[in-house]
Amino acid sequence: MTDRFDVVVIGAGIQGAGVAQAAAAAGYGVQVLEKTGIAAATSCRSSKLIHGGLRYLESGQYRLVQESLREREILLRIAPQLVKRVAFNIPVYKNTSRSALKIRLGLTLYSLFGDFRRDSRFETVPRAEWGTLDGLDTTGLKAVFRYYDAQTDDARLTHAVMRSAQQFGAELVCPAEFLAAERHDTGWRVRYRTTQGEAECECHALVNASGPWVNHVLQRIVPAVPLPGIELVQGSHVVVDGGLHHGVYYTEAEDKRAVFVMPWRGGLTLIGTTETPYSGDPALATPRREEIDYLLRTYRRYFPKRDVDVRDQFAGLRVLPKSPASAFGRSRETIYMTDDDRNPRLVSVVGGKLTGYRAAAEKVVALLAPALPERTRRADTQMLPLDQ
Ligand SMILES: Cc1cc2nc3c(=O)[nH]c(=O)nc-3n(C[C@H](O)[C@H](O)[C@H](O)COP(=O)(O)OP(=O)(O)OC[C@H]3O[C@@H](n4cnc5c(N)ncnc54)[C@H](O)[C@@H]3O)c2cc1C
């Protein structure tokens, strides 16, 4: 007999895990198909920040900032072992392109979006303390601003969300590669491949949370649906030896882009990221020599006295709307592509942020609810603690 589910989710990155959790908590029967492993792709290669995204104010993405700040607070409450508040330092030098006034205005707006909570406020670091800032170059330094956001381990967070989904009955099949889905009157017939061979299941609704493979999956849907106009943009990180004791540093690279220098796993420093157009197989994304050089050059400029012993490097792929604009200024909002405006049975989650996964997942479930049978809600994801 063919297995039947309310919702089948393709992909167990943060978005797929989030949708599985939100749908299972809403009472639906859920199956997740993941071809490689939980958080095996983008969701273990991010900058690991749970943040509103101060820099998105520059590109006018106010709604994104506001929602992300709200989600940051929820995650700090429900996942205190996984999401930690961390100080962000913004050094301003004589030749920094963003002036102290501009940064002050940006931070004021950021704390306004954070509802002026005590921990949403910012401060300036007194000159007397500059010498203690992890070896930050103080030559030509005019001011250091400090505000607070949060940091996580993206892979561990994704595993925790998936465990929560499974506690509410979601079934994970992994490794299981989605092969095709065919629409019928009441939903979808789904074909996938496991180590045992090909298998089939039925579902009322399908969620495409395959990250950089979003169009690859959509090409396997019958009848055909339009493909979103997207571009993949690679972001690389490099990990060097040595810890940071005063939080994250928000630096400006030679091309004026923001590069974060972040404490990582106690004794390490994580530096990222880059924006390089990518057109190959998503599974093969890997940092380029010039990306690592660019990141290390920025690091050395701000921290000239620190040793540079590279311990690791990795690259992830952003899914961004196609546009002639620079990747840096392009929207980071989640896009929800549906097969039908009024009564969707297929939602593709395109782009978005780790930070906003829970809100995105709730939107996906709300979009699909009219096509799903009535079920009794089991829990509210805003209240569900996530363990380590
Ligand atoms: C460089 C970089 C830095 C970032 N930094 C941050 C940050 O600091 N903070 C933040 O909030 N956001 C950040 N983001 C964004 C965030 O990382 C992503 O939005 C998020 O991880 C995407 O998750 P996802 O589930 O959509 O995709 P993925 O994590 O890529 O998951 C997709 C999954 O689908 C599976 N899959 C694909 N095809 C199939 C198939 N046919 N069958 C079965 N399974 C399939 C894949 O194996 C994979 O596991 C960053 C992104 C990048 C690229």
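Throughout this document, residue positions are counted from 1 along each chain, in the order its sequence is written. Local features in this predicted model are restricted to residues whose pLDDT is 70 or higher, and side-chain atom pairs enter the listing and the counts only when it is 80 or higher, whereas totals over whole chains, interfaces and linings include all residues. Think of the side-chain values as coming from all heavy atoms in the structure, minus any hydrogens and water.

### Let's talk about helix 2 (residues 62-78)
Using the following cut-off: Helix and strand labels come from DSSP, where a helix needs a run of H or I of at least four residues and a strand needs a run of E of at least two; each type is numbered from the N terminus. For a helix, the expected span equals 1.5 Å multiplied by the residue count minus one. With a 1.4 Å probe rolled over the protein chains alone, any residue whose accessible area is under 20% of its type maximum counts as buried; one over 50% counts as exposed, and the rest are partly exposed.
Its 17 residues give helix 2 an end-to-end C-alpha distance of 25 Å, which sits within 8% of 24 Å, the value for a rise of 1.5 Å per residue. Every buried residue of helix 2 is accounted for by Leu64, Val65, Ser68, Leu69, Glu71, Arg72, Glu73, Ile74, Leu75, Leu76 and Ile78.

### Re the environment of Arg306
Applied cut-off: Contacts are assigned to residue pairs that have any heavy atoms within 4.5 Å of one another. Think of a polar contact as two N or O atoms within 3.5 Å of one another; within protein, one of them needs to be a possible hydrogen donor and the other a possible acceptor, and neighboring residues in sequence only count if both atoms come from side chains.
Position of Arg306 relative to the elements: it lies in the loop between helix 6 (289-302) and strand 17 (310-321). On the basis of relative accessibility, which here comes to 17%, the residue Arg306 falls in the buried class. Residues Arg306 and Ala155 lie 151 residues apart in sequence; the distance between their C-alpha atoms is 28 Å. Leave out the neighbours within four places in its chain, and Arg306 touches Asp134, Gly242, Gly243, Leu244, Thr269 and Tyr299. A polar side-chain atom of Arg306 sits 3.2 Å from the main-chain carbonyl oxygen of Asp134. At 3.4 Å, the side chain of Arg306 forms a polar contact with the side chain of Thr269.

### A look at the packing of helix 2 against helix 7 (residues 357-368)
Operational definition: Note on definitions: angles span 0 to 180 degrees between N-to-C directions of axes, and those axes are lines fitted to C-alpha atoms, for helices only across the stretch in contact. Geometric relationships in this document are graded by angle, where less than 35 degrees denotes roughly parallel, more than 145 denotes roughly antiparallel, 65 to 115 denotes roughly perpendicular, and other angles denote oblique.
The contact between helix 2 and helix 7 brings their axes to 8 Å, and the two run at 105°. Viewed along their axes, helix 2 and helix 7 adopt a mutual orientation that is roughly perpendicular. Counting all contacts with helix 2, which are made through Glu67, Glu71, Ile74 and Leu75, the residues of helix 7 involved are Tyr357, Arg358, Ala359 and Lys363.

### What about the packing of helix 1 (residues 14-25) against helix 4 (residues 154-167)?
Where we set the bar: Two helices crossing with the near one rotated counterclockwise from the far one by less than a right angle form a left-handed crossing, whereas a clockwise rotation gives a right-handed crossing. Polar here means any residue other than Ala, Val, Leu, Ile, Met, Phe, Trp, Tyr, Cys and Pro, which are nonpolar, and Asp, Glu, Lys and Arg, which are charged; Gly is therefore polar.
Viewed as axis vectors pointing N to C, helix 1 and helix 4 meet at an angle of 25°, and their least axial separation amounts to 8 Å. The pairing of helix 1 with helix 4 is recorded here as roughly parallel in orientation. You can see that helix 1 and helix 4 cross each other, and the crossing is left-handed. Here Ile14, Ala17, Gly18, Ala20, Gln21 and Ala24 of helix 1 lie close against helix 4, whose contacting residues are Leu157, Thr158, Val161, Met162, Ser164 and Ala165. A class-by-class count of the residues in the contact of helix 1 with helix 4 yields eight nonpolar, four polar and no charged.

### Quick word on the nonpolar core
We count it as follows: Buried Ala, Val, Leu, Ile, Met, Phe, Trp, Tyr and Cys residues form a nonpolar core when they are joined through side-chain atoms within 4.5 Å.
Val9, Val30, Val83, Leu157, Val207 and Leu386 are the most contacted members of the largest nonpolar core, which has 46 residues in total. Only strand 1 (3-10), helix 1, strand 2 (30-33), helix 2, helix 4, strand 10 (197-208), strand 19 (346-351) and helix 7 provide two or more residues apiece to this core. For this core, the element with the highest residue contribution is helix 1, accounting for eight residues. Sequence-distant contacts of Val9, defined by excluding residues within four places in its chain, comprise Gly16, Val19, Ala20, Val30, Gln31, Val32, Leu33, Val207 and Ala209. Core analysis: the next-biggest nonpolar cluster, separate from the first, contains 29 residues, Val65, Val92, Ala143 and Trp264 among them.

### A word on the side chain of Thr276
Its place among the elements puts Thr276 in strand 16 (residues 276-278). In terms of polar contacts, Thr276 uses its side chain to reach the side chain of Glu291, at 2.7 Å. Discounting residues that sit within four places of it in the chain, Thr276 has contacts with Leu232, Val233, Gln234, Arg288 and Glu291.

### Looking at the site of the ligand
Operational definition: A molecule or strand has a residue near it when one of that residue's heavy atoms lies within 4 Å. Using a 1.4 Å probe, the Shrake-Rupley method yields the accessible areas, and only the shown protein chains count as cover for residues.
Residues in close proximity to the ligand total 38 residues, the closest being Glu34, Thr42, Ser43, Leu49 and Thr355. In this structure, a nitrogen atom belonging to the ligand sits 2.9 Å away from a main-chain N or O atom of Ser47. A distance of 2.8 Å is found between an oxygen atom of the ligand and a backbone nitrogen or oxygen belonging to Gly352. Against a free-state accessible area of 1000 Å², the protein chains account for coverage of 96% of the ligand. Among the secondary structure elements, those contributing two or more residues to the shell around the ligand are helix 1, strand 8 (176-184), strand 12 (230-241) and strand 17. Residues belonging to the shell around the ligand are distributed by class as follows: 13 nonpolar, 18 polar and seven charged.

### Remarks on the pairing of strand 8
To keep it simple, the criterion reads: DSSP calls a pair of strands paired once it identifies at least 2 bridges connecting them.
For strand 8 and strand 9 (residues 187-194), the ladder comprises eight bridges, and the chain directions are antiparallel. By the bridge assignment for strand 9, Phe178 is matched with Tyr192. In this structure, the hairpin formed by strand 8 and strand 9 is closed by a connection of two residues. The pairing of strand 8 with strand 11 (residues 221-222) spans two bridges and is parallel. Within strand 11, the residue paired with Ala181 across the bridge is Ile221.

### Brief notes about the packing of aromatic side chains
Two aromatic rings are characterised by how far apart their centres lie and by the angle between their planes. The cut-off we apply is this: Classification of ring pairs uses Phe, Tyr and Trp, with its six-membered ring standing for Trp, and accepts pairs whose centres are within 6.5 Å; under 30 degrees between planes counts as stacked, over 60 as edge-to-face, and the remaining range as tilted. A ring is considered to have a charge above it if a Lys NZ or an Arg CZ atom is located within 6 Å of its centre and within 35 degrees of its normal.
A full pass over the atoms with the stated rule returns nine aromatic pairs. Measuring from ring centre to ring centre gives 5.9 Å for Phe88 and Phe260, while their planes differ by 85°; the resulting arrangement is edge-to-face. Taken together, the residues span a long stretch of sequence, with Phe88 in strand 4 (residues 83-93) and Phe260 in strand 14 (residues 258-264) at a distance of 172 residues. With relative accessibility at 0%, the residue Phe88 sits in the buried group. Aromatic pair Tyr250 and Phe260: ring centres 4.9 Å apart, planes at 75°, arrangement edge-to-face. Remark: Phe260 occurs in strand 14 and Tyr250 occurs in strand 13 (residues 248-252); sequence separation between them is ten residues. Phe260 gets classed as buried once you look at its relative accessible area, which sits at 9%. Counting every residue linked through ring pairs, the aromatic cluster contains Phe88, Tyr110, Tyr147, Tyr250 and Phe260. The cationic tip of Arg183 hangs over the ring face of Trp188; the distance from NZ or CZ to the ring centre is 5.8 Å. In this structure, Arg306 is placed above the aromatic ring of Phe303, and the distance from its NZ or CZ to the ring centre is 5.9 Å.

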